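Each chain is listed here by its residues.
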Amino acid sequence: MTSLTTIDGFDAVGVTLWAPYSGRWILSGVVTDEGFALSERRVTAAIGTQSFVGTIDISKSSEYLKTKRVRIVAGANGWQKTITHQAFHNDAGVKKLTIAKALAKAAGEQLGDEPPDKVGSDWGWKDDQASKILGSMFPDWYVGFDGKTYTSARSSVEPAGS
C-alpha cells in the first residue's frame, strides 16, 4: 500500500500543513525510515496528489532513534534571513521587478512571477529580514507549493455547492 503522505518519497505520518494567505507555508511530519537523511536540503513532500517544494529547516527538525521529525519551509527557507542594505536609482523609475529579483537573489529564493509597475527614481532597504522588506513592497506575497515566490495576491477560488 502506498502512503498518501511522503517526504522525498519516504512515507510520512502526522503531516501538518500551515499555508497562510501571504508569506511562507510550513509543513511538518514524521519519517521513520532509516534511509531518510535528516539534513538541510531541498525536498518535495506530497499529500495525496499535491506536491510541496521546500527546504528542511534543520534547526526545527529533530531525530530520535529511527524517528525523524521534519519541518519543511517553502522554497529555499531564505525569507527569514537578514539581508544587507541596498539602494536603487533610475531617473525613469525603478522597476519593481528589479527590486524583487535583487531581494530573491539575496535571500536565495526564486521568483515565480514578474511584478509590473515602477516606484520612484530612488528606492532602497536597510539591513532587515528579507520577508519584511518584501512585504513592505508586496503585502500579498507568498511562496507557492512549487517553491517559487509570487509577488501578487493568491487567486481566490469559489467553494463548490452551497
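The sections below set out a description of the structure shown in this document. Model, not experiment: these values are computed from the prediction. (Residues numbered from 1 in each chain as written. Predicted model: local features only at pLDDT ≥ 70, side-chain atom pairs only at ≥ 80, totals over all residues. Heavy atoms only, no water.)

### Focus: the nonpolar core
For clarity, the threshold we go by: Residues belong to one nonpolar core when they are buried, are Ala, Val, Leu, Ile, Met, Phe, Trp, Tyr or Cys, and are joined through side-chain atoms within 4.5 Å. Throughout, exposure labels follow a simple rule: accessible area from a 1.4 Å probe, protein chains only, divided by the maximum for the residue type, with under 20% read as buried, over 50% as exposed, and the rest as partly exposed. Strands are runs of DSSP state E lasting at least two residues, helices are runs of H or I lasting at least four, and both sets are numbered from the N terminus onward. Only heavy atoms enter the contact rule, under which two residues are in contact if any of them lie within 4.5 Å.
With 32 residues, the main nonpolar core has I7, V70, I72, W79, L103 and W125 as its most contacted residues. No other element matches the six residues that helix 1 (residues 96-107) contributes to this core. Ignoring sequence-local partners within four residues, the contact set of W125 consists of I83, T84, H85, Q86, F88, I99, A102, L103 and I133.

### Side note on helix 2 (residues 130-137)
The following threshold applies: The arc under discussion is defined with respect to the helix axis, by the directions toward the C-beta atoms.
Along helix 2, the positions that sit buried rather than exposed are A130, S131, I133, L134 and M137. Viewed end-on, helix 2 has its buried residues packed into an arc of 160°, placing them on one side of the element. Opposite the packed face of helix 2, turned more than 90 degrees from it, sit the exposed residues K132 and S136.

### Section: the pairing of strand 6 (residues 50-56)
Residues in a regular strand point their side chains to alternate faces of the sheet. Using the following cut-off: In this analysis, strands are considered paired if DSSP registers two or more bridges between them.
Counted residue by residue, strand 6 has five buried out of seven residues, so it is predominantly covered. Where strand 5 (residues 42-47) and strand 6 come together, six bridges link them in antiparallel fashion. For A46, the partnering residue across the bridge sits in strand 6 and is S51. Following strand 5, the chain reverses through two residues before pairing antiparallel with strand 6; G48 in that reversal takes a positive phi of roughly 60°. Taken together, the three bridges between strand 6 and strand 8 (residues 67-74) define a ladder with antiparallel strand orientation. Paired with I56 across the strands is I72, a residue of strand 8.

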